[in-house]
Amino acid sequence: MTTRAAEWGKMWFRFRQSTLSVLGLAIVVVIVGAALLAPYIAPHPRHAGSFVNFEASLKPPSRTYVMGTDDAGRDVLSRVLFGARISISLGTAVLVLSVVIGVPLGLVAGYWGGRVGSSIMRVTDVFLAVPPIALALAVTAALRPNLTNAMLAISFAWWPWYTRLVYGQVLSIREEQFVEASRGLGAGPMRIAFREILPNVWSPILIKATLDMGFVILTASGLSFLGLGAQPPTPEWGTMIAEGRNYLPGYWWAATFPGLAIFVAVLGFNLLGDGLRDVFDVHIEQWRTGS
Amino acid sequence: MSFRTYLLRRILHIIPVMVGLSILIFAISRVIPGDPVRLALGTEATIEQVEQLRHQMGLDRPLHVQYLNYVGGLLRGDFGYSLRTHRNVTKDLLDFFPATLELTTVAMLISIAVGVPLGIVSAVKKDSVGDHASRLIALGGVALPRFWLAILLQILFAYKLGLLPTIGRGPAPPVAITGLYLVDSLIVLDFRSFLISAKHIAMPAFALSVGTLAQIMRLIRASMIDETRRDYALAARSYGLPSNLIVYKYLLKNAFTATLTIIGLSYGFLLGNAFLVEYVFAWPGLAFYGVDALLFKDFNGVIAVTLVVGMAFALVNLLVDILYGYIDPRVRYGER
Amino acid sequence: MTMDRPLLEVKALGIHLLTYEGRARTINGVDLSIARGESVALVGETGCGKSVTAKAIMGLLPPNAEVVSGSVSFKGRDLLRLPEPEIRAIRGRQIAMVFQDPSTALNPVFTVGEQLGDVIVWQGAARAYPRRRGGDIRARSIELLRLVRIPDPEGMLNRYPVELSGGMRQRVLIALALAGRPELLIADELGTALDVSVQDQILGELTELVRSQGLSVLYITHNLGVARMVSGRIYVMYGGEIAEVAPTAAMFRRQHHPYSQGLLAAVPRLTGTIGSGIEGRIPDYIAPPPGCRFAPRCFARMEVCDRQPPPVVEIEPGRKVACYLYGGHPGGG
């Protein structure tokens, strides 16, 4: 039996083997770093808010303004950095909400089953009947368009996916030997749910959450682009694209760099999620077969 | 349980889900903080006019009565009155739906037609330079914001190169049978009209397809590689069967069934992204109508669009399940 | 002279598998031969390398396998050195393999008729050769299904594997292997996935078939009972090497290699005490012992056994053992 530390070491080794996965990790680290440190590393931090300087309006990339300026004369680079802050915090909030709501529901539905279980899944099915973007959009119609409401709307659409994921996992593990053994020893349902089942379920959740981060960012920026999410002057990437769109193609930088930022961020999380999946999938098999 | 029973259960399952969805959306739409009636009539409207319209639309009734009225209307095929377009929403839906149907179908076809071959090639030439390159492109495709890509395409092909029209769907073909421009123009063999419609649909469909294309490619690749490891693949080789036969017939059919369910799910994401792509290209489809309804807070419009989207998604998934059962005999004969 | 030349001759075969943990020296100098019309059994426990040997003969080794030495002569040609198109011409038509697990060796999404038809048509050729008509293919398919004693062959053509019982599927697998009229059949753990009674029945039918068609067969099995029933000669394999080879009857009367003795003692009998097992585990192929690979588990272990691999000693014509107990100094006879 290898020790826990050795197991983690082995997984890290396997993770390192894939260049793409490491690249993903690097990108995520950079983005999260940018998000955390934005106020300190942005060259013109005040530009992230409602700042105007029409003399510097729509200047091309230069040494002072590495990514150029937008129509209000704000430094695009600083706004992109603060945009990372917004995207990451929004994404984290959405995922935390989704997991906190969705996972316990899935556990209950899967383990207890019966009437409770099927009612939960019925409700989940209703939410899942519509593509998440559509549902999030529909919800935004009922609320005032701002960042927080966008976050709530997306969470509203996102949590059922976790319920379904956990439900499926619990169903397949429920009948496994070690759960039976625990039950035979007299362990109560709560204990079984959290001690036996949850440890085997958290890795798919983690993988999904990592991959989802990218998709949530895409959805949020889409909402903002349509004007249903973050409002100007908030430097959300989608909002920035909507604003800068009018000045294409001549003044391309205002709309292009935010788009690139979204692309890189989503790519990073996808690569990282894929890498985690490669590492954990094998591990899951080992845990379950005991080899 | 037999396959027929399974299908029947699936079809019946859609009903309660749709009912639940209608309740959900209805409930959401009534939480509007603003006053849509006032918005529709404008700020000059008097209080009497607002009250009159509100009464006309039944908005002063209790919620559950409103809901029942609405469902009653639905069963008659009436989606209510749109405060924005001042028309019956049903009529609006009928006008706008074919455009979205055409766009999403073409996008799906592109995704499959390009994604599957690329996936096969990538799997067969595993770990080659081409494989790594296509995998990177696939990863990029999923990460690309669809609306951003749409804008870039617009700038490049329409604005700069002038090859394709910037926005819109273009003129309708002389006959309107299905409402799908491409199909209609082909039916009457009007190739000029076909070409014009094709040019209009090219960019939106492509922008919409990119993410799904990438997903399909990755999935086919993974499935094919999985299948190569199976015993029957080794057995087929041991009988001396040529590798082309093995790859394109034996492996592909198995890999495809694995991918089929995901294709159904991807359609959902395609529908979701249609809202953004239609908006950018001013494509006169259901999603575009939906965005307008959202911005205007025209709740009847919003509910109608959501329900139709939900229904379409459910139908596609059902179709996928039927197809799956048709291809994979294990499903038909009850073994899993 | 040509009558004396064996159909298949494996000489000093050495295969390494490159795995995550390192280079596994899986096959370490295997010698094996099969004459025309002969049924030979390759017996050994799981992990001894029997399947790898079989795959090497068919040219179906996994991509991480490296042949480091030896030859596999089939009708005078070294299969290891043939280019892929030529090997493919041999597969199915001259050497064919019957796989062990009928539930996974058949393609689930095609009917029996389609799969059989494909094999009949393509039979190891790059193009369908000779070009056959639909009617011919169907007739031949039915003929093959009859050969393996499948009732209602016409109906069977339209069935999917999922509809069939394990025994039926196994028969279909045999039919597929025989479609190309091969001269050598390799049966990899035939019937282990089936009920014992079904396995018995199929093995019996197969032996009869083999006899009537004059086929050579290599039976790979871990089951001594099966080996006794179907073969005329037995090779005992351990740790990637041949421990002992002898005609079947002689082998069961008396075993020379300690491992063979252990194998026979391990078989449970209806009378007497429960059979004893062999202590220990299969060798670590990545860092195998320098001497005899069985030495760590051997009750007759001597000092010389750990130092160098034992020589092969011919006890009588047709009986060979690789063990120091029967004489021989390291490196010699």
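Since we're looking at a predicted model, the values are computed, not measured.

Peer 1: Report on the overall build of chain B, specifying residues and quantitative values.
Peer 2: A count of helical and extended segments in chain B gives 14 helices and zero strands. When the helices and strands of chain B are placed in sequence order, the string is α-α-α-α-α-α-α-α-α-α-α-α-α-α. Seen through its principal axes, chain B has C-alpha atoms that stretch 85 × 55 × 40 Å. Contacts in chain B between residues at least 24 apart in sequence constitute 72% of all its contacts with a sequence separation of at least 6.

Peer 1: Any chance you could break down the state of the cysteines for me, citing the residues and the numbers?
Peer 2: Residue and element names in this part refer to chain C. With the rule as written, the count across this model stands at zero disulfides over all chains. Cysteine C48 remains unbridged, with the sulfur of C292 as its closest cysteine sulfur at 14 Å. Note on C305: no disulfide assigned, nearest cysteine sulfur contributed by C292 at a separation of 6.1 Å.

Peer 1: Residue-level account of the packing of aromatic side chains, with values.
Peer 2: One pass over the full model with this rule turns up 15 aromatic pairs over all chains. For the ring pair F225(A) and Y279(B), a centre distance of 6.0 Å and an interplane angle of 90 degrees mean the geometry is edge-to-face. Of the two residues, F225(A) is situated in helix α8 (residues 189-226) and Y279(B) in helix α11 (residues 243-281); the pairing between them involves two chains. Assessed through its relative accessible area of 4%, F225(A) is described here as buried. Between Y251(A) and W253(A) the ring centres are 5.9 Å apart and the planes differ by 90 degrees, which places this aromatic pair in the edge-to-face class. Given the relative accessible area of 38%, Y251(A) is considered partly exposed. Ring pairing ties together the aromatic residues Y251(A), W252(A), W253(A) and F257(A), which thus form one cluster.

Peer 1: Give me the lowdown on the sheet that holds strand β4 (residues 65-74) of chain C, citing residues and values where you can.
Peer 2: All names here are of chain C. What the four strands build is an open sheet, ordered β2-β1-β4-β5; its pairing is antiparallel. If you trace the sheet from one side to the other, it starts and ends with β2 (22-34) and β5 (77-78), each paired once. Across two bridges, β4 lies against β5 in antiparallel orientation. The partner of F74 across the bridge, within β5, is R77. Seen against the sheet, helix α1 (residues 50-58) touches β1 (8-19), β2 and β4 and runs at an angle of roughly 110 degrees to β1.

Peer 1: Account for the side chain of D92(B), with residues named and values stated.
Peer 2: Residues and elements named next belong to chain B. Inspection of the secondary structure assignment puts D92 in helix α5 (residues 89-124). Here the side chain of D92 touches Y289 through a polar contact of 2.7 Å, side chain to side chain. For D92, the contacting residues outside a window of four places in its chain are S82, T85, R87 and Y289.

Peer 1: Residues and numbers for the pairing of strand β6 (residues 95-98) of chain C, please.
Peer 2: Residue and element names in this part refer to chain C. Of the two faces of β6, the one carrying I95 and M97 and the one carrying A96 and V98 are both buried. Both β6 and strand β7 (residues 184-188) contribute to a ladder of four bridges, which runs parallel. Looking across to β7, one finds that I95 is bridged to L184.

Peer 1: Lay out the pairing of strand β9 (residues 233-238) of chain C with the relevant residues and their values.
Peer 2: Where a strand is regular, its side chains alternate between the two sheet faces. All names here are of chain C. With respect to burial, β9 is a largely interior element, six of its six residues being buried. Taking every second residue as pointing to the same face, both faces of β9 are buried, with R233, Y235 and M237 on one and I234, V236 and Y238 on the other. Relative to β9, strand β3 (residues 39-43) is paired through four bridges, and the arrangement is parallel. Counted as the bridge partner of L42 is Y235 from β9. Summarising the sheet, β9 and strand β10 (residues 241-247) pair through six bridges and their orientation is antiparallel. Bridged to V236 within β10 is E244. The antiparallel hairpin formed by β9 and β10 contains two residues in its connecting segment, where G239 sits at a positive phi of about 55 degrees.

How each quantity is defined
Note that residues are indexed from 1 along each chain, following the sequence as it is written. Naming scheme: in the order in which they are written, chains are lettered from A and ligands are numbered from 1. Confidence filtering applies because this is a predicted model: local features only for residues at pLDDT of at least 70, side-chain atom pairs given and counted only at 80 or more, and all residues used for totals across whole chains, interfaces and linings. With hydrogens and water excluded, all non-hydrogen atoms of the structure serve as input to the side-chain values. Helix and strand assignments follow DSSP, with helices taken as H or I runs no shorter than four residues and strands as E runs no shorter than two, numbered in order from the N terminus. Whether two residues touch is decided by their heavy atoms; if any such pair falls within 4.5 Å, the residues are in contact. Two cysteine sulfurs form a disulfide in these notes if their separation is within 2.5 Å. Stacked, tilted and edge-to-face are the three classes assigned to paired rings of Phe, Tyr and Trp, where Trp is represented by its six-membered ring and a pair needs centres within 6.5 Å; plane angles under 30 degrees give stacked, over 60 edge-to-face, the rest tilted. Burial classification: accessible surface area is computed with a 1.4 Å probe over protein chains only, and a residue below 20% of its type maximum counts as buried, one above 50% as exposed, and the rest as partly exposed. A pair of strands is treated as paired once DSSP finds two or more bridges between them. The convention used is that axes are lines fitted to C-alpha atoms, helices contributing only their stretch in contact, and that angles between N-to-C directions extend from 0 to 180 degrees. Side-chain atoms alone can form a polar contact between residues adjacent in sequence; in general such a contact is a pair of N or O atoms within 3.5 Å, and within protein one must be able to donate a hydrogen while the other accepts it.

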